[in-house]
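Here's the letter readout for the chains.
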There are 2 protein chains.
Amino acid sequence: MLTFYYTPDTIALATHIALETVGAEYRAVRVDFSINGQRSAAYLKINPKGRVPALVTDHGILTETPAMLLYICQSFPEANLAPLNDAFAQAQINSFNSYLCSTVHVAHAHRMRGYRWVDASNSNAIAAMQSHAPRSVGECFALMECEMFKGPWVMGVQYTISDMYLFTLAQWCEADGVDISQYPKIAQHRKVMSGIAAVKRAISAESAAM
Amino acid sequence: MLTFYYTPDTIALATHIALETVGAEYRAVRVDFSINGQRSAAYLKINPKGRVPALVTDHGILTETPAMLLYICQSFPEANLAPLNDAFAQAQINSFNSYLCSTVHVAHAHRMRGYRWVDASNSNAIAAMQSHAPRSVGECFALMECEMFKGPWVMGVQYTISDMYLFTLAQWCEADGVDISQYPKIAQHRKVMSGIAAVKRAISAESAAM
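Summary of the structure given here. Note that the structure is a prediction, hence the values are computed from the model and not measured.

## Some remarks on the interface of chain B and chain A
When the parts of a complex come together, some accessible area is lost, and that lost area is often taken as the interface size.
At step 1: Contact residues are listed per partner, giving 42 residues for chain B and 42 residues for chain A.
At step 2: Between chain B and chain A, roughly 3300 Å² of surface is buried when both sides are summed, and carbon and sulfur atoms account for 67% of that area.
At step 3: Considering only the side of chain B, the residues that lose the most area to chain A are Phe88, Trp117 and His132 of chain B, jointly responsible for 18% of the buried surface there.
At step 4: The tally of links from chain B across to chain A stands at five residue pairs in polar contact (both at pLDDT 80 or more).
At step 5: When residues of the side of chain B that touches chain A are traced back to their parent elements, those giving at least two are strand E4 (61-63), helix H3 (65-75), helix H4 (87-112) and helix H5 (123-148) of chain B.
At step 6: Tallying contributions element by element places H4 of chain B first for the side of chain B that touches chain A, with 14 residues.
At step 7: Along the lines of polarity and charge, the residues of the side of chain B that touches chain A split into 22 nonpolar, 15 polar and five charged.

Here it is as structure tokens:
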């Protein structure tokens, strides 16, 4: 049995979609950012980083989206969400997911969480990061559109965990000041993803819990 | 045959150490940042992101350190640099490596590459990031020391790719204004790593090419 700690409108959605897709049995627990639940003593025992998501498994606790996504694939191989028997193809997924976590998500985070990288009292620097986010996030989407996205899915013909991860970040384009219509392949991908039953279930569950 | 594109004093060292450790046959090609070689038309064909490292394999090109490290493990299983037959143990490595790429490396990058996240002409904001880096990088090392590092290696008794990756980031502590002696387990790890033959070979090769 798995326990999944998440907060709506965060990167947790990618893992939530993966859990719904494979048909995992899991308990979803909402961490309430409005009362700083991610920094509560109880939650810090689960994830000392004070972030979501976290996945409690029978073997121990996992954090970090790329690791959780691949673990779900490996635990439910029949769902075929990654080419587990092809090291290079799997490495391409790992590469794409690393780019999402180290570059795309980080560019996005400068819009709302600039205090991570400058003194929290420096409102000018934080505002400078915020106003630059549309450009840096947009550059990431342009690169993915032109150089990485194979189509119709991120990795080509196989629907994989990278699709769930990209979709989650693409959800934030409007709030980030990025016009997704400039990236037609990714815009179409987001539209198709929005119609998938497991994606709808994950989004509905998160909305209902709010 | 592999071709490895790297620049000294970058995160490429982690992959360089892995290649030396497994005894891979590879050609190392230095990308010269001083002439902006990472943005040259020839290099952008290899890695459109304009970053190092990149690994050209018989199957295609890989980028992103976590992906390259795991691919090297899987291509040279006899080197036993990751618990490839244990999905949860492998996920712990993926989690640690994701933290390094998305949080530790990013905190470090704000010291020298603040122009990625604000307008390049905003020298005040860039200086604010630079002066905050010792604190944000230090917080990462404190968390790794207290919560993640198992000892004697990152993952406990098995020497893995996470050791090479942590070592590479720990090399930068002094330049980042972080006193590594505050993190005794990681300081000792760095010392032990420095004495490993494959680590020495990778560092020497990079120094000799400069």
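There is more to say after this.
## Quick word on the sheet that holds strand E1 (residues 2-6) of chain A
Residue and element names in this part refer to chain A.
At step 1: On the basis of which strands lie adjacent, the open sheet formed by four strands has the order E2-E1-E3-E4 and mixed pairing. Of all the strands in the sheet, the pair left with one neighbour each is strand E2 (26-30) and strand E4 (61-63). Neighbouring strand axes in the sheet, compared pairwise and without regard to direction, differ in orientation by 20 degrees on average.
At step 2: Of the pairings in the sheet, the one linking strand E3 (residues 54-56) to E4 comprises three bridges and is antiparallel in character. Residue Ala54 lies in a different strand from E4, and its bridge partner there is Thr63.

## Here we look at the packing of helix H3 (residues 65-75) of chain A against H4 of chain B
At step 1: One can describe the packing of H3 of chain A onto H4 of chain B by two numbers: an axis separation of 8 Å at closest approach and a directional angle of 160 degrees. As summarised for this structure, H3 of chain A and H4 of chain B are arranged roughly antiparallel, according to the angle between their axes. The crossing of H3 of chain A and H4 of chain B is right-handed. Contacts between H3 of chain A and H4 of chain B pair Pro66, Ala67, Leu70, Tyr71 and Gln74 of chain A from the former with Ala87, Phe88, Gln90, Ala91, Asn94, Ser95 and Ser98 of chain B from the latter.
At step 2: Each residue belonging to the contact of H3 of chain A with H4 of chain B can be placed in one class, and the counts come to seven nonpolar, five polar and no charged.

The rules behind the values
- Residues numbered from 1 in each chain as written.
- Chains lettered and ligands numbered in written order.
- Predicted model: local features only at pLDDT ≥ 70, side-chain atom pairs only at ≥ 80, totals over all residues.
- Heavy atoms only, no water.
- Contact = heavy atoms within 4.5 Å.
- Buried area = accessible area lost by both parts, 1.4 Å probe.
- Polar contact = N/O pair within 3.5 Å; in protein donor to acceptor, adjacent residues only side chain to side chain.
- Helix = DSSP H or I, 4+ residues; strand = E, 2+ residues; numbered from the N terminus.
- Nonpolar A, V, L, I, M, F, W, Y, C, P; charged D, E, K, R; others polar.
- Pairing = 2+ DSSP bridges.
- Axes fitted to C-alpha atoms, helices over the stretch in contact; angles between N-to-C directions.
- Parallel < 35°, antiparallel > 145°, perpendicular 65-115°, else oblique.
- Left-handed = near helix turned anticlockwise from the far one by under 90°.

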